[in-house]
Each structure stands twice: as structure tokens, then as C-alpha cells.
Amino acid sequence: MTGEKKKKIIKTIKIDADKCNGCRACEMICSAFHAMPKYSSNNPARSRIRVVRQPLEDIYIPVYGGETAGAECAGRDKYVIDGKEYDECTFCRAPCPSRADFKEPDSGLPLKCDMCEGEDEPLCVKWCITDALTLEEREEEGEEEVAQEELEIGLASLAEKHGMQKILDAVARMSIARKG
Ligand code: SF4
Ligand code: SF4
């Protein structure tokens, strides 16, 4: 039933960009934790956090992968804050058709931060030695949401790219190959 109120835990990672030194340890641990099997490999291009680094402007800003954007925005934003000019779409969290950020380099599947499901504390927070990342949790009352599973998000993205029939054919071929 929709419209039902439910208590939920809101997790927030507070990012103190002034403390970030651009070491990218957060990208390393995130990609290692999400490797299959866990910690078997490590590739920052597969990380669900990316550190925007513009050293000449002294800019180091961690940004987390969020919900997938099905289409590009009609226009892009570009910020100038305290005299520093940030690249286009710097603060956007979406895996988006306009760029490679937050997408698996091989398949283009979206990479969304899952707050390190199953861990006591997000690993990027644990590994950030400068304390640029800190976790905050609070309880809030809100509408019950239908959680979209990671598998479903990935399939929807592939279906958009290749068409549903191709996905069904590929799954059928894979299942025959496994049985055979
Ligand atoms: S680990 Fe911390 S200091 Fe290093 S890049 Fe990530 S947020 Fe910045
Ligand atoms: S919370 Fe976990 S999944 Fe999210 S960016 Fe940090 S290490 Fe990656």
C-alpha cells in the first residue's frame, strides 16, 4: 500500500572537501570491496565514489554515484565558487549518457553507492585518513519506498542500450551454455 508512513534510517556522508588531499584511497577500497569475489581486484574506474581532482586550482572533491539518469539534462551546469572554476557537471552524481563517470568501464552498467551494504561503516569513510568523510545517521518518518534492486537497475540500463529482446536472447544463450 502506498502513502504509509514508515521510520527509516537516513545515512549521510558528510564531505569536508577542505580536508581531502586527493589521495583516492576511497576509490581504491570501494572498487576492491565491490570486486567479485570481494577484494580479488581493484580498479578505481569501477569505484562508486570518484574524486574530482583539479590540482592546479587546489580542487579535490569526492562525489558519490547516485541514481541513473536515463537521458542527459537539456543543459549543463558549471560552477564558480570562491573564484574557483569547476568542470561541467562536477557535482552531479548520476551515471549519465554524457560521460563515463559511475559506469562500469567494460559494460557501461551503472555504479551506485550502496553505503557498503552489510558493513558497520562505509569503507571509504573508514579508509579516509584525513577524516574528509564522516558518516551521520538519523531516523526519519517518510513514505514507504519500493527499493529498486541493483540487478533490476543494471538490467534496465542494458535494456535501454541494447533492447529487451537482445537481453532475453543473451540470458537464454548463457543459461544453455551453463547447463551444457
Ligand atoms: S580517501 Fe579521503 S582524502 Fe583521500 S581522496 Fe578520498 S576523501 Fe579525499
Ligand atoms: S560507501 Fe561504500 S559503496 Fe559507497 S562509495 Fe563508499 S566504499 Fe563505495
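Per-chain numbering applies: the sequence of each chain, read as written, is numbered from 1 onward. Following the order in which they are written, the chains are lettered starting with A and the ligands numbered starting with 1. Under the rules for a predicted model, residues below a pLDDT of 70 receive no local features and side-chain atom pairs below 80 are neither given nor counted, while totals for whole chains, interfaces and linings still include all residues. Computation of side-chain values: all heavy atoms of the structure, hydrogens and water removed.

**A look at a nonpolar patch on the surface**
(1) Moving on: Here, patches come from residues exposed beyond 30% relative accessible area and free of salt bridges, joined within 9 Å for like charges and within 5 Å for nonpolar side chains (Val, Leu, Ile, Met, Phe, Trp, Tyr). Here the open area of atoms and residues is found with the Shrake-Rupley method and a 1.4 Å probe, where only the protein chains shown may cover a residue. Salt bridges, as used here, are contacts in which a Lys or Arg side-chain nitrogen is within 4 Å of a carboxyl oxygen on Asp or Glu. On the surface, Tyr79, Ile81 and Phe91 cluster together into a nonpolar patch covering about 260 Å² of accessible area.
(2) Moving on: Helix and strand assignments follow DSSP, with helices taken as H or I runs no shorter than four residues and strands as E runs no shorter than two, numbered in order from the N terminus. Within the secondary structure, phenylalanine 91 is located in the loop between β5 (84–85) and α2 (123–127).
(3) Moving on: Partly exposed describes any residue whose relative accessible area lies between the buried limit of under 20% and the exposed limit of over 50%, with all areas from a 1.4 Å probe on protein chains only and scaled to the type maximum. What makes phenylalanine 91 partly exposed here is its relative accessible area of 34%.

**Digging into the side chain of arginine 99**
(1) Moving on: Position of arginine 99 relative to the elements: it lies in the loop between β5 and α2.
(2) Moving on: Two N or O atoms form a polar contact when they lie within 3.5 Å of each other; inside protein one atom must be a possible hydrogen donor and the other a possible acceptor, and for residues adjacent in sequence the pair counts only when both atoms belong to side chains. One polar contact links the side chain of arginine 99 to the main-chain carbonyl oxygen of cysteine 89, over a distance of 3.3 Å.
(3) Moving on: Whether two residues are in contact is decided by their heavy atoms: any pair within 4.5 Å suffices. Ignoring any residue separated from it by four or fewer positions in sequence, one finds arginine 99 in contact with Arg50, Cys89, Cys92, Arg93 and Ala94.

**Concerning the layout of surface pockets**
(1) Moving on: Taken as a whole, the second largest pocket spans an internal volume of roughly 280 Å³.
(2) Moving on: Grid spacing is 1 Å over the protein atoms alone, the probe is 1.4 Å, and a cavity is where that probe fits but cannot get out, while a pocket is an open set with protein on both sides within 12 Å along at least five of seven lines and lining residues have an atom within 4 Å of a point. What lines the second largest pocket is a set of 14 residues, and nearest its centre among them are Thr68, Ala69, Pro97, Ser157 and Glu160.
(3) Moving on: Each residue is assigned to one of three groups, with Ala, Val, Leu, Ile, Met, Phe, Trp, Tyr, Cys and Pro labelled nonpolar, Asp, Glu, Lys and Arg labelled charged, and all others, Gly among them, labelled polar. Of the residues that constitute the lining of the second largest pocket, the class distribution is 7 nonpolar, 4 polar and 3 charged.
(4) Moving on: Viewed by domain, the lining of the second largest pocket spans two of them, domain 1 (8–142) and domain 2 (149–179), each represented by three or more residues. Grid points are joined across faces, edges and corners, and a volume is the space filled by probe spheres set on the points. Bear in mind that the domain bounds are from an automatic or database domain assignment.

**Digging into the site of ligand 2**
(1) Moving on: We call a residue near a molecule or strand as soon as one heavy atom of that residue lies within 4 Å of the molecule or strand. Taken together, Cys30, His34, Arg48, Ile49, Tyr64, Cys113, Asp114, Met115, Cys116, Pro122 and Cys124 form the complete shell of residues around ligand 2.
(2) Moving on: Its residues placed into classes, the shell around ligand 2 shows 8 nonpolar, 1 polar and 2 charged.

**Looking at the site of ligand 1**
(1) Moving on: Lining the immediate surroundings of ligand 1 are Cys20, Asn21, Gly22, Cys23, Arg24, Ala25, Cys26, Val51, Pro62, Cys128, Thr130 and Leu133.
(2) Moving on: In terms of residue class, the shell around ligand 1 is made up of 8 nonpolar, 3 polar and 1 charged.

**What to know about unusual backbone geometry**
(1) Moving on: Omega for the bond connecting methionine 36 with proline 37 falls within 30 degrees of zero, at -10 degrees, which places this linkage in the cis form.
(2) Moving on: You can see proline 37 is positioned in the loop between α1 (25–33) and β2 (49–54).
(3) Moving on: The backbone phi angle of arginine 24 is positive, close to 70 degrees, even though this residue is not glycine.
(4) Moving on: For arginine 24, the position within the fold is in the loop between β1 (5–15) and α1.
(5) Moving on: Looking at arginine 24, the relative accessible area reads 37%, which means it is partly exposed.
(6) Moving on: One non-glycine residue, phenylalanine 102, lies in positive phi territory at about 60 degrees.
(7) Moving on: For phenylalanine 102, the location among the structural elements is in the loop between β5 and α2.

**Looking at the domain arrangement of the chain**
(1) Moving on: The assigned domain composition of the chain is domain 1 (8–142) and domain 2 (149–179).
(2) Moving on: Its C-alpha centre places domain 1 at a distance of 27 Å from the equivalent point of domain 2.
(3) Moving on: Between domain 1 and domain 2, the contact holds 8 residues from the first and 7 residues from the second.
(4) Moving on: Accessible area that two parts lose when put together, with a 1.4 Å probe and added across both, is what the buried area reports. Around 520 Å² of area is buried between domain 1 and domain 2 when both sides are counted, 53% of it from carbon and sulfur atoms.
(5) Moving on: Taken as a group, Ser107, Leu109 and Pro110 account for 53% of the area that domain 1 buries against domain 2, more than any other trio of residues on that side.
(6) Moving on: Here domain 1 and domain 2 share 0 salt bridges between them.
(7) Moving on: Summed over the shared surface of domain 1 and domain 2, the number is 0 residue pairs in polar contact (both at pLDDT 80 or more).
(8) Moving on: Taken together, the residues of the side of domain 1 that touches domain 2 break down into 2 nonpolar, 4 polar and 2 charged.

**Side note on helix α3 (residues 150–162)**
Since the α-helix turns once every 3.6 residues, residues separated by three or four places project in the same direction.
(1) Moving on: Taking 1.5 Å per residue as the helical rise, α3 with its 13 residues ought to reach 18 Å, and the 18 Å between its terminal C-alpha atoms agrees with that figure.
(2) Moving on: Buried within α3 we find Ile153, Gly154 and Ala159.
(3) Moving on: Considering only its buried residues, α3 is in contact with α4 (164–179).
(4) Moving on: Backbone geometry just after α3 places glycine 163 at a positive phi near 95 degrees. Expected span, for any helix, means 1.5 Å times one less than how many residues it has.

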